[in-house]
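Commentary on secondary and tertiary structure
Okay, here's what each chain looks like letter by letter:
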Amino acid sequence: MDKPKSKNFANTASRISAIASSVMDLHVRIALQEVDREKRRLISGGIFIAIGGILLLLVLICMHIIFYLTLSKFNNWATEYNLLLIIFVDLFLAGLSLKLGGKLAKGPYLPQTLEGLGKTTKAVLGKK
């Protein structure tokens with residue numbers, strides 16, 4: 001009489017195991033689809049940020065050329081002095097921007113913000 005109970009238990013256990021593995025397989029497929037969707041979103045965002053950065057760099061170069069032409073038209077300095085003036089203005093603005101950005105990026109952060117930043121960094125770097 002013990003054998004039928006044992007077979008019943010084995011059949012039930014195998015059915016539960018099959019259902020559990022099926023559910024887990026479904027969850028894994030859904031998770032993989034979500035990861036693929038997020039990768040596409042992150043890659044698209046990175047591409048658009050790169051395009052914006054390149055266009056901003058071209059605009060900055062054009063502004064420097066216009067600034068140089070304006071300087072050379074309104075003063076009698078040598079080319080080197082005009083370029084040095086542009087370099088010093090850029091250096092001052094870059095230092096000011098870095099100082100301001102550093103102050104704005106300092107904490108305090110909420111734990112949810114730190115967790116989100118950590119997850120985002122891991123997603124961008126491709127780590128689990």
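Residues numbered from 1 in each chain as written. Predicted model: local features only at pLDDT ≥ 70, side-chain atom pairs only at ≥ 80, totals over all residues. Heavy atoms only, no water.

Secondary structure assignment for the protein chain yields 3 helices and 0 strands. When its helices and strands are written in sequence order, the protein chain yields α-α-α. When the 128 residues of the protein chain are sorted by exposure, 3% land in the buried category. Accessible area of the protein chain: about 11,700 Å², with a carbon and sulfur share of 71%. (Helix = DSSP H or I, 4+ residues; strand = E, 2+ residues; numbered from the N terminus. Buried < 20%, exposed > 50% of the residue type's maximum accessible area, 1.4 Å probe, protein only. Areas by Shrake-Rupley, 256 points an atom, 1.4 Å probe, with all protein chains shown as cover.)

Looking now at the side chain of Asn75. With respect to the helices and strands, the residue Asn75 is situated in the loop between helix H1 (2–74) and helix H2 (79–105). Looking at Asn75, its side chain comes within polar contact range of the side chain of Asn82, at 3.4 Å. (Polar contact = N/O pair within 3.5 Å; in protein donor to acceptor, adjacent residues only side chain to side chain.)

Here we take up the UniProt feature "transmembrane region" (unreviewed entry) in the protein chain. Annotation from UniProt places "transmembrane region" (unreviewed entry) at residues 47–69 and 81–98. Helix and strand shares over residues 47–69 are 100% and 0% respectively, and the end C-alpha atoms of the span are 33 Å apart. (UniProt positions renumbered as here; feature names shortened; annotations may be inferred.)

Counting through the fold element by element, His64 comes out in helix H1. His64 gets classed as partly exposed once you look at its relative accessible area, which sits at 22%. When near neighbours in sequence (up to four residues on either side) are disregarded, His64 contacts Ile86 and Asp90. (Contact = heavy atoms within 4.5 Å.)

On to the confidence of the model for the protein chain, then. In the predicted model, the protein chain carries a mean pLDDT of 81, and 87% of its residues have values of at least 70. Within the protein chain, helix H3 (residues 111–125) has the poorest average pLDDT of any element, 74, and H2 the best, 90. (pLDDT = per-residue confidence, 0-100.)

Here the focus is the side chain of Asn82. Within the secondary structure, Asn82 is located in helix H2. Its relative accessible area of 1% is what places Asn82 among the buried residues. Sequence-distant contacts of Asn82, defined by excluding residues within four places in its chain, comprise Tyr68, Leu71, Ser72, Asn75 and Trp77.

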